[in-house]
Amino acid sequence: MSDTLVLALDIGGTNARGEVLDAGLGRPLASASLPTPYGDGEATLTTIERLCGQLMDSLDPIDRGRVRAVGLGVPGIIEGQTGVVRLASNLGWVGTPVGDRLSERVALPVHVHHDVTVAGLAEHRLGAGAGTDDLVAVFIGTGIAATIVSGGQAVEGGLHQAGELGHVPIVPDGRPCPCGQRGCLEMYCSARAIGHAYAAAIGRPGATSLDVVNDLGTDPRADAVWAEAIDWLAHGLMGVITLLSPSRLVLGGGLSAAGDTLVVPLRERLLALAHVATVPPIVTAQLGQRAGVLGSALATFRRLDVASL
Ligand SMILES: [Zn+2]
């Protein structure tokens, strides 16, 4: 096994988390997290620089010398392997050369990855996808995004934008999405959309998807909102399984914490809808919040040509 270490970071809209990992991806040599400033690109870069500094400071001098790169998982549109972030609105980056800018500050090569793509890669190698080489991992939280693993490789697409399932239009001229399109899937069944639907149904602003899950079986309005969301999600996933025929469907992100409350009715709805595609086993993600960091490490070791799990 190589003695190379990487700083693997996952930059979320709320927190930036980081670990120092070797290619075995076992116990981290160090870990840290910092709150992410909202929508301020410069401040976000400074936060990441500080996070890298904290991680390096907690290593002994020998291990510090083994660190060869920083891997960064980012919620946004990434320009291939250039390190340029075309758009990450929560982080305040628009056409920002994040890789180069950060590399100057931390004096290490910086590899920028799409957060969901690498989280799905981690679930494939280390979590709920282990044992299969063809799967789709769908992460449902504030938005919806997917990782496609085909033949053991995460599919980025020739234009590096594969997996934006949440922005597949599912309703012609439907609800407007902040992306500029109408009728996007995530406007109907993301955790945020489900919370908004329940807030409107019960007249309580701020209600969340968790409130819906907690009220199932006791408030018929929760039952109705949940059933409608499951129906939308099933229709969205029908396209995925019909087109790709994955051997496993992994559900991650905040909504997947609902477990069987989500999986069982979703599977029933898919079985009722599908006459062409075979509905694969549906399982929930296993790595939780560590998926992003582990995936960032996996993708970075691959860029460095260092064999890892
Ligand atoms: Zn959209």
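Residues numbered from 1 in each chain as written. Predicted model: local features only at pLDDT ≥ 70, side-chain atom pairs only at ≥ 80, totals over all residues. Heavy atoms only, no water.

1. Things to note about the coordination of the zinc ion
Binding of the zinc ion to the protein goes through His167 (ND1), Cys177 (SG), Cys179 (SG) and Cys184 (SG), at separations of 2.0 to 2.4 Å. Angles of 100 to 120 degrees at the metal separate the 4 donor atoms of the zinc ion, which places the site in the tetrahedral class. Positions of the donor residues of the zinc ion, expressed as sequence spacing, correspond to H-x9-C-x1-C-x4-C. The class of cysteine 177 is buried, set by a relative accessible area of 7%. (Donors = N, O, S within 2.8 Å, 3.2 Å for Na, K, Ca; no water. Tetrahedral: all angles 85-135°; square planar, octahedral: opposite > 155°, others 65-115°. Buried < 20%, exposed > 50% of the residue type's maximum accessible area, 1.4 Å probe, protein only.)

2. Describing the packing of aromatic side chains
A complete count under the given rule lists 1 aromatic pair for this structure. Measuring from ring centre to ring centre gives 4.6 Å for tyrosine 188 and tryptophan 232, while their planes differ by 45 degrees; the resulting arrangement is tilted. On the criterion of sequence distance, the pair formed by tyrosine 188 in helix H5 (residues 186–189) and tryptophan 232 in helix H8 (residues 220–244) is long-range, its members being 44 residues apart. Judged by its relative accessible area of 7%, tyrosine 188 is buried. (Phe/Tyr/Trp six-rings, centres within 6.5 Å; stacked < 30°, edge-to-face > 60°. Helix = DSSP H or I, 4+ residues; strand = E, 2+ residues; numbered from the N terminus.)

3. So, helix H6 (residues 191–202)
Counted at 1.5 Å a residue, the expected span for H6 with its 12 residues is 16 Å, and the 17 Å between its end C-alpha atoms agrees. Listed as buried for H6 are Ala191, Ala193, Ile194, Gly195, Tyr198, Ala199 and Ile202. Those residues of H6 that are buried are in contact with strand S9 (135–140), H5, helix H7 (209–215) and H8. Where H6 terminates, the next one or two residues include glycine 203, which has phi positive at roughly 70 degrees. (Expected span 1.5 Å × (residues − 1). Contact = heavy atoms within 4.5 Å.)

4. Observations regarding the sheet that holds strand S5 (residues 77–79)
Ordered in space as S5-S6-S7, the 3 strands form an open sheet in which the pairing is antiparallel. Across the chains shown, the open sheet's two edge strands, defined by having one partner strand only, are S5 and strand S7 (93–96). Adjacent strand axes in the sheet meet at a mean angle of 20 degrees, parallel and antiparallel pairs treated alike. In this sheet, strand S6 (residues 84–88) lies alongside S5 in antiparallel orientation, the contact comprising 3 bridges. In the sheet register, isoleucine 77 faces S6, and the bridge partner there is leucine 87. (Pairing = 2+ DSSP bridges. Axes fitted to C-alpha atoms, helices over the stretch in contact; angles between N-to-C directions.)

Interpretation note: all reported values are geometric properties and have no functional meaning in isolation.
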